[in-house]
Amino acid sequence: MSATRLIFGFHAVTSRIRQNPDSIKEIFFDEGRDDQRIRSLISSAESRKVALIACDADRLDRMAGSRRHQGVAAMIDVRHAYVSVDDVLDTLNEPALLLVLDGIQDPHNLGACLRVADAFGVHAVIAPKDRAVGLTAAVHKVASGAADTVPYIVVTNLARTLRELKERNVWIFGTADDAGHDLSNFRVEGSVAWILGSEEKGMRRLTREICDQLVRIPMQGSVESLNVSVSAGICLFETYRQRQQGGK
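Criteria and cut-off values
- Residues numbered from 1 in each chain as written.
- Predicted model: local features only at pLDDT ≥ 70, side-chain atom pairs only at ≥ 80, totals over all residues.
- Heavy atoms only, no water.
- Pairing = 2+ DSSP bridges.
- Helix = DSSP H or I, 4+ residues; strand = E, 2+ residues; numbered from the N terminus.
- Contact = heavy atoms within 4.5 Å.
- Axes fitted to C-alpha atoms, helices over the stretch in contact; angles between N-to-C directions.
- Parallel < 35°, antiparallel > 145°, perpendicular 65-115°, else oblique.
- Left-handed = near helix turned anticlockwise from the far one by under 90°.
- Nonpolar A, V, L, I, M, F, W, Y, C, P; charged D, E, K, R; others polar.
- Expected span 1.5 Å × (residues − 1).
- Buried < 20%, exposed > 50% of the residue type's maximum accessible area, 1.4 Å probe, protein only.
- Polar contact = N/O pair within 3.5 Å; in protein donor to acceptor, adjacent residues only side chain to side chain.

**Section: the sheet that holds strand β6 (residues 124-128)**
Step number 1: Read from one edge to the other, the open sheet built from seven strands follows the order β7-β6-β5-β10-β8-β11-β9, with strand pairing classed as parallel. Each end of this open sheet is capped by a strand with a single partner; those strands are β7 (152-155) and β9 (181-182).
Step number 2: Pairing analysis gives six bridges linking strand β5 (residues 97-102) to strand β10 (residues 191-197), with the strands arranged parallel. Among the inter-strand pairings, Leu97 is bridged to a residue of β10, identified as Val192.
Step number 3: Here helix α5 (residues 107-119) sits on the sheet and contacts β5, β6 and β7; the angle it forms with β5, its principal contact strand, is near 170°.
Step number 4: Contacting β5, β8 (170-175) and β10, helix α10 (residues 228-244) runs over the sheet at an angle of about 165° to β10.

**Remarks on the packing of helix α1 (residues 10-19) against helix α2 (residues 36-47)**
Step number 1: The interhelical angle for the contact between α1 and α2, taken along N-to-C directions, is 25°, at an axis separation of 10 Å. Judged on the interaxial angle alone, α2 and α1 are roughly parallel. Crossing hand, α1 versus α2: left-handed. In this structure, α1 contributes Phe10, Val13, Thr14 and Ile17 to the contact, and α2 contributes Arg37, Ile38, Leu41, Ser44 and Ala45.
Step number 2: Across the contact of α1 with α2, the residue classes break down as six nonpolar, two polar and one charged.

**Focus on α5**
Step number 1: With 13 residues, α5 extends 18 Å from end C-alpha to end C-alpha; this agrees with the ideal 18 Å at 1.5 Å per step.
Step number 2: Three or more residues of α5 are buried, namely Asn109, Leu110, Gly111, Cys113, Leu114, Val116 and Ala117.
Step number 3: Check the buried side of α5 and you find it contacts β5, β6, α6 (137-143), α7 (146-149), β7 and α10.
Step number 4: Backbone nitrogen of His108 and a side-chain oxygen of the N-cap are separated by 2.7 Å at the start of α5; the cap is Asp106.
Step number 5: In the segment just after α5, Gly121 is the residue with positive phi, at about 75°.

**Considering the sheet that holds strand β1 (residues 4-8)**
Step number 1: Here four strands make up an open sheet; going across it, the order is β1-β4-β2-β3 and the pairing mixed. Each edge of the open sheet carries a strand with a single partner, namely β1 and β3 (52-55). Strand after strand, the sheet turns through a mean of 20° between neighbouring axes, direction not considered.
Step number 2: The pairing of strand β2 (residues 24-30) with β3 spans four bridges and is classified as parallel. Directly across from Phe29, in β3, lies its bridge partner Ala54.
Step number 3: Strand contacts of α2: β2, β3 and β4 (72-77), with the helix running at about 155° to β2, the strand carrying the most contacts.

And the structure:
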């Protein structure tokens, strides 16, 4: 796998500037854009001494392979890893949104979870070192670039990490079919970490006990459960929806 990779879009690039600027080799931006969003990105990059290259939209189209780049792309060194959860939280000026995956072993599920995490602005995905798939080539393929835009933090002791998140005023919400709270009328406020369990067994007992609240996704059909990435997408979208309505 190449040591460098292209990422694009404002969320991906601004997150990388904020959380790991040393990993950015250069940022390409559409010289035809002159709005507040691009000016803010350029200012952030300059303050961290990141190289900036002005170019036209056609070049960005060719680099990204589509027009979904929003006028900005960055070449990053994938060998620069994120160090810890604290490194991410310390850079935020907004309520944290984290996704915790307790033992996901299918690379397709992990890749899909990373995609929905990127789609809804998750600041980091956290997973245990043991009994989890990790960032394999198959995960990168399914994630379609999200493996490089969302920090993926592997921890040796998930329970301890969750307790440390609580100490930093992050609410820990777990998903469970037998939960007493229904997501459709559950208020999501402040900094949040959503926990999704493994494909077969769900959350481990200790992980479940640490949760501040367990929440179930209301279902009307005959199936008993949803794919983990679908469940993640539903919980993250509901958090995004409430925040957009002023529930920060």
